[in-house]
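One letter stands for each residue in the lines below.
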Amino acid sequence: MQQRRWLSRNFLLLLLGQVSSLVGNFTLKFALSMYVLEQTGSAGLFAALLSLSMIPTVLLSPFGGVLADRVNQRDLMVALDLLSGSAVLLAGLLLPRGHSIAVIAVLLAVLSVLSAFESPTVQACIPQMLPAEHLAKGNAAVSQVQALASLFTPFLGGMAYAAFGLLPVLWGTVLCFYLTAGLECGIRLAVQKGQSRNAARTVRQDLAASVRFLRRDRPEILRLLLLAALVSLFVAGTAVVGFPYLVRTALGLPAEAYGLAESAMGAAAVLGSVFVGLTAGRLRLRWLAAVFLGFGLCLLPAGLVFALPLNASVRYGVLLAMFCLCQFGCSVFSTCSITVIQACTPETLMGKVMSFVFTLSMCAQPVGQIVYGALFDRFAGAPHWVLLPSGAVVCLIGLASVPFFVGLETRAPLREAGNKEPADGSREGLSAGKEG
């Protein structure tokens, strides 16, 4: 099924489907977050909903990676998008009947389950659509689609939510998911053959192989992920929970202001990936310690503005600038880390290891969101008592990580050759893609 052309029909349909799916998904989650904050005014409840919705993705992503290698990816993608659209449709019909927060919580959990299977499936089908010489270009195109969607949808979502309310946003999301499923029906992929009849045994073997590789063969990758998870506990808690709470509740700004801020942070993420692409030949892994330190340094001014007698506009401007810098750093760090992991991983383990990486990288986020939701509620009148200590702790982590990154640079440089021989001597296609 591989085609020699760069932009094949299959791949074009996949890209268009991802555009439709991401626009609907991002707009929906933005509108839901605004609705929950407006209805409750509680950072703790908002954080709890976000955290609970992530748990299925964290738990099921490794199984999604296994499933994506063993079924027809086209059929699976179509089914997942149809189920996503139907779940949003049902939620839209139930919301006017009351218990809206409970309906939203169930909807987020269902979408999280479906996302756990969608992301590995998209990653697994790209090598079937493109020849090996165009895989990097194809992966970059899928990543840019996600980055651009995150750039424009918050602003558009803020305007749509402010103008029309929540229900019209839900109906638009339903159309996006169904359109994605229709586009994916036109994709033609090879049927998976020779699958094991013992599904439970296959899952155990695949998961054990990825765990064994991370613990025994490349423990530095596991340490890198654990370090990233530690910082993610602080950064995700302050950015995902704290930032919308500070803008909408603490500063009392409209949804359009938060939508503009989210779009600006999306632009910062795009610039981060562009920066890595332009400086890839000169980047050094030891500089990632400075990125961690930068996260902490950004949180200090964000907290300081709430300790000083400043107006809401000044506080909003400082928050926007600092969190955009954080987003830029996150993009640089994630791009460099994925490059290192791909360079160190045998191709026969690539899909399974990447799904395991995704799971580990998300484990700390629900904890951070719950903790920071409670902290922002506790210090509602003085959020600087949350931001300033967090910034100081992250700065210390950044300084302590310098020896690790210096050692990692000697073992896994960013420019390490991609010709890796897997342990069992087999070779499979490299896959990468978007986060669902």
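Sequence order as written defines residue numbering, which begins from 1 separately in each chain. Where local features are concerned, this predicted model is filtered to residues with pLDDT of at least 70; where side-chain atom pairs are given and counted, the filter is 80 or more; whole-chain, interface and lining totals use all residues. To get the side-chain values, take all heavy atoms of the structure and skip hydrogens and water.

Looking now at the overall build of the protein. To qualify as a helix, a DSSP run of H or I must reach at least 4 residues; to qualify as a strand, a run of E must reach at least 2; elements of each kind are numbered from the N terminus. Along the backbone of the protein there are 14 helices and zero strands. Sequence-ordered secondary structure for the protein, helices as α and strands as β, is α-α-α-α-α-α-α-α-α-α-α-α-α-α. The proportion of buried residues among the 436 residues of the protein is 54%. The criterion used for residue contact is that any of the two residues' heavy atoms lie within 4.5 Å. Taking the contacts inside the protein whose residues are at least 6 apart along the sequence as the reference set, 88% of them involve residues at least 24 apart. Surface exposure here means Shrake-Rupley accessible area, sampled with a 1.4 Å probe, where a residue is shielded only by the protein chains that are shown. Counting every atom, the protein has about 18500 Å² of accessible surface; 68% of that belongs to carbon and sulfur. A 1.4 Å probe rolled over the protein chains alone gives each residue an accessible area, and that area as a share of the maximum for its type sets the label: buried under 20%, exposed over 50%, partly exposed in between.

Positionally, Ser20 belongs in helix α1 (residues 9-40). In contact with Ser20, other than residues within four places in its own chain, are Cys176, Leu179 and Thr180.

Within the fold, Ser401 resides in the loop between α13 (384-400) and α14 (402-411). When neighbours within four sequence positions are excluded, Ser401 is seen to be in contact with Leu227, Ala289 and Phe292.

So, about the packing of aromatic side chains. Classification of ring pairs rests on two measures: the distance between centres of Phe, Tyr or Trp rings, Trp counted by its six-membered ring, which must be within 6.5 Å, and the angle between planes, read as stacked under 30 degrees, edge-to-face over 60 and tilted in between. Considering all chains together, one arrives at 10 aromatic pairs under this definition. One aromatic cluster is present, built from ring pairs that chain together Phe292, Phe295, Phe333, Phe404 and Phe405.

To obtain each axis, a line is fitted to C-alpha atoms, and for helices this fit is confined to the stretch in contact; angles are then taken between N-to-C directions over 0 to 180 degrees. Running from N to C, helix α10 (residues 288-307) and α13 point in directions that differ by 165°, and their axes come no closer than 7 Å. The angle between α10 and α13 falls in the class roughly antiparallel. Between α10 and α13 lies a crossing of left-handed hand. Gly counts as polar in this scheme, as do all residues outside two lists: the nonpolar Ala, Val, Leu, Ile, Met, Phe, Trp, Tyr, Cys and Pro, and the charged Asp, Glu, Lys and Arg. Partitioned by chemical class, the residues of the contact of α10 with α13 number 17 nonpolar, six polar and no charged. Roughly parallel covers angles under 35 degrees, roughly antiparallel covers those over 145, roughly perpendicular covers 65 to 115, and oblique covers all other angles. Note on convention: near helix rotated counterclockwise from far helix by under a right angle means a left-handed crossing. Clockwise means right-handed.

This part covers helix α6 (residues 166-184). Expected span of a helix, by definition, is 1.5 Å for each gap between consecutive residues, and there is one gap fewer than residues. A rise of 1.5 Å per residue sets the reference length of α6, with its 19 residues, at 27 Å; its end C-alpha atoms lie 27 Å apart and thus fit the reference within 8%. Looking only at α6, the buried set comprises Leu166, Val169, Leu170, Thr173, Val174, Cys176, Phe177, Thr180, Ala181, Leu183 and Glu184.

This next bit is on α13. Over its 17 residues, α13 runs 24 Å from end to end, which matches the ideal 24 Å to within 8%, given 1.5 Å per residue. Every buried residue of α13 is listed here: His384, Val386, Leu387, Ser390, Gly391, Val394, Cys395, Ile397 and Gly398. In a view along the axis of α13, the buried residues occupy a sector of 160°, so they form one face of it. Along α13, exposed side chains directed more than 90 degrees from the buried face belong to Trp385, Leu396, Leu399 and Ala400. Relevant arc is that of directions from the helix axis to the C-beta atoms, nothing else.

Here, nonpolar core means buried Ala, Val, Leu, Ile, Met, Phe, Trp, Tyr and Cys residues that are tied together by side-chain atoms lying within 4.5 Å of each other. Core analysis: the biggest nonpolar cluster contains 84 residues, and Leu166 and Phe405 have the highest contact counts within it. Broken down by element, this core gets its largest block of residues, 13 residues, from helix α11 (residues 312-344). What Phe405 contacts, discounting residues up to four positions off in sequence, is Leu224, Leu227, Leu285, Arg286, Leu288, Ala289, Phe292 and Phe333. Counting residues in each nonpolar core, the second largest holds 18 residues, with Leu13, Leu14, Leu22 and Leu183 among its members.

Moving on to the environment of Ser263. You can see Ser263 is positioned in helix α9 (residues 255-279). Ser263 gets classed as buried once you look at its relative accessible area, which sits at 8%. Placed 107 residues apart in sequence, Ser263 and Leu156 show a C-alpha to C-alpha distance of 9.0 Å. Other than its neighbours up to four places away in sequence, Ser263 contacts Ser150, Leu151, Phe152, Pro154 and Phe155.

One can describe the packing of α1 onto α6 by two numbers: an axis separation of 8 Å at closest approach and a directional angle of 160°. Classified by the interaxial angle, the pair formed by α1 and α6 is roughly antiparallel. Crossing geometry of α1 relative to α6 is assigned as left-handed. A breakdown of the residues in the contact of α1 with α6 according to their chemical character gives 13 nonpolar, nine polar and one charged.

Moving on to a nonpolar patch on the surface. Together, Leu148, Phe152, Phe155, Leu156, Met159 and Leu260 give the surface a local cluster of nonpolar side chains, amounting to about 570 Å² of exposed area. If one sorts the elements of the nonpolar patch by residue count, helix α5 (residues 135-164) sits on top with five residues. Note on Met159: relative accessible area 42%, which makes it partly exposed. For patch detection, residues must exceed 30% relative accessible area and be free of salt bridges, and they are connected within 9 Å for like charges or within 5 Å for nonpolar side chains (Val, Leu, Ile, Met, Phe, Trp, Tyr). A carboxyl oxygen of Asp or Glu within 4 Å of a side-chain nitrogen of Lys or Arg is what we treat as a salt bridge.

A few words now on the pattern of salt bridges. As enumerated under the stated definition, the model contains three salt bridges in all. The salt bridge involving Asp217 is made with Arg216; its shortest N-O contact spans 3.3 Å. Judged by relative accessible area, which is 40%, Asp217 ranks as partly exposed. Owing to a relative accessible area of 58%, Arg216 belongs among the exposed residues under this scheme. Of the charged contacts in the structure, one is a salt bridge between Glu220 and Arg218, with a shortest N-O distance of 2.8 Å. Here the two residues Glu220 and Arg218 agree in accessibility, since each one is buried.

The next subject is the environment of Cys125. Mapped onto the secondary structure, Cys125 falls in helix α4 (residues 100-129). Residue classification places Cys125 among the buried positions, given a relative accessible area of 0%.

A few words on the state of the cysteines. Throughout this description, disulfide means a covalent bond between two cysteine sulfur atoms. Any two cysteine sulfur atoms lying within 2.5 Å of each other are counted as a disulfide. Taken as a whole and assessed by the stated rule, the structure comprises zero disulfides. Between Cys298, a cysteine without a disulfide, and Cys326, which holds the nearest cysteine sulfur, the sulfur-to-sulfur distance is 4.2 Å. In this structure Cys324 is not part of a disulfide, and its nearest cysteine sulfur, from Cys326, lies 9.5 Å away.

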